[in-house]
Amino acid sequence: MGALLIGAANDLPSLEDQVLDRINHLRADPAAYADRLRQLRPHFRGNTLYLPGRPRGLITREGVDAVEEAIAFLELQTPLPPLSRAELLGLAARDHAVIQGALGTRGHFSPDGASPGDRVQRRGGGRLVGEDISYGYADADEVVRQLVIDDGVPDRGHRDLLFNRDLRYAGVGCGSHSAYGHMCVIDVSRTRNGMSVYATLAQNEGR
């Protein structure tokens, strides 16, 4: 019995897998996700969100207005194909999560000034990547909700990246963060290695 339980626990999807799964559900059915966001409306008191079962409220910058804008955005989206997992992108994402989490900093640049493209390139890929980062959550649903609502981000760049129709691959790296508790990095690209489509085709033809 004990061995079976251990085996079952080991078979549970990682947080990285769960985040990618939630992103793909979001892309596949944005209207359904809009319905989920509607359920948040009655839980706002001013700019503070009180989720069921959580006595401590989540202080937001924009309150329910950001949720309403996200709902309107989602209602206009057409379904998109899922993002396939790319191991190289995942390694680069984890690299950033490990270093930044230990330092307690935030942002897309490493302490040595490396960009997301630089980090993928160091892993043997190309520089044509985008990146989303969520801070403060160790739950996949909350990670994706933060990126979709994009509270306090004027251009809603995190949400726009999730709905970029040219993207086909993603890698996710999550870990502890000394200031925010947890963080998840999502690196995305048109190709599984961050190279141009043409360079990838040339590589494949040379094998």
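Residues numbered from 1 in each chain as written. Predicted model: local features only at pLDDT ≥ 70, side-chain atom pairs only at ≥ 80, totals over all residues. Heavy atoms only, no water.

A.B. asks: Outline the state of the cysteines, supporting the account with residue identities and numerical values.
C.D. replies: Tallied over the entire structure, the rule returns 1 disulfide. Between the sulfur of C174 and that of C184 lies a disulfide, 2.1 Å long from S to S. The chirality of the disulfide connecting C174 with C184 is right-handed, given an S-S dihedral of about 110°. Of this pair, C174 sits in strand β6 (residues 169–177) while C184 sits in strand β7 (residues 181–189), placing them 10 residues apart in sequence. (Disulfide = S-S within 2.5 Å. Helix = DSSP H or I, 4+ residues; strand = E, 2+ residues; numbered from the N terminus.)

A.B. asks: Describe the pattern of salt bridges, naming the residues involved and giving the relevant values.
C.D. replies: This structure, assessed with the given rule, holds 16 salt bridges. Between R85 and D17 there is a salt bridge; the shortest N-O distance is 2.9 Å. Highlighted residues: R85 in strand β4 (residues 84–85) and D17 in helix α2 (residues 15–28), separated in sequence by 68 residues. Note that E69 is salt-bridged to R159, the shortest N-O span being 4.0 Å. (Salt bridge = Lys/Arg side-chain N within 4 Å of Asp/Glu carboxyl O.)

A.B. asks: For helix α3 (residues 30–38), give the residues involved together with the corresponding values.
C.D. replies: Of the residues making up α3, those classed as buried are P30, Y33, A34 and L37. Projected down its long axis, α3 shows its buried positions confined to an angular sector of 105°, all on one face. Buried residues belonging to α3 abut α2, α4 (64–75) and α7 (140–149). (Buried < 20%, exposed > 50% of the residue type's maximum accessible area, 1.4 Å probe, protein only. Arc of directions from axis to C-beta. Contact = heavy atoms within 4.5 Å.)

A.B. asks: How would you explain α4 if you had to name every residue and give the values?
C.D. replies: In this model α4 runs 17 Å from its N-terminal to its C-terminal C-alpha over 12 residues, within 8% of the 16 Å that 1.5 Å per residue would give. Taken together, the buried positions of α4 are A66, V67, A70, I71, F73 and L74. For α4, the angular spread of buried residues about the axis comes to 160°, placing them on one side. Those residues of α4 hidden inside the fold are in contact with α2, α3, β1 (44–45), α7 and α8 (157–162). (Expected span 1.5 Å × (residues − 1).)

A.B. asks: Summarise the sheet that holds β7; cite the residues concerned and give the values.
C.D. replies: Read across the open sheet, the 4 strands follow the order β4-β6-β7-β5; overall the sheet is mixed. With partners counted over all chains shown, the strands left at the sheet margins are β4 and β5 (130–135), one partner each. Judged from the 6 bridges that link them, β5 and β7 form a sheet pairing that is antiparallel. Within β7, the residue paired with S134 across the bridge is C184. Across the sheet, α2 is in contact with β4, β6 and β7; its angle to β6 comes to roughly 130°. (Pairing = 2+ DSSP bridges. Axes fitted to C-alpha atoms, helices over the stretch in contact; angles between N-to-C directions.)

Fair warning: the whole summary comes from geometry, so function is off the table for now.
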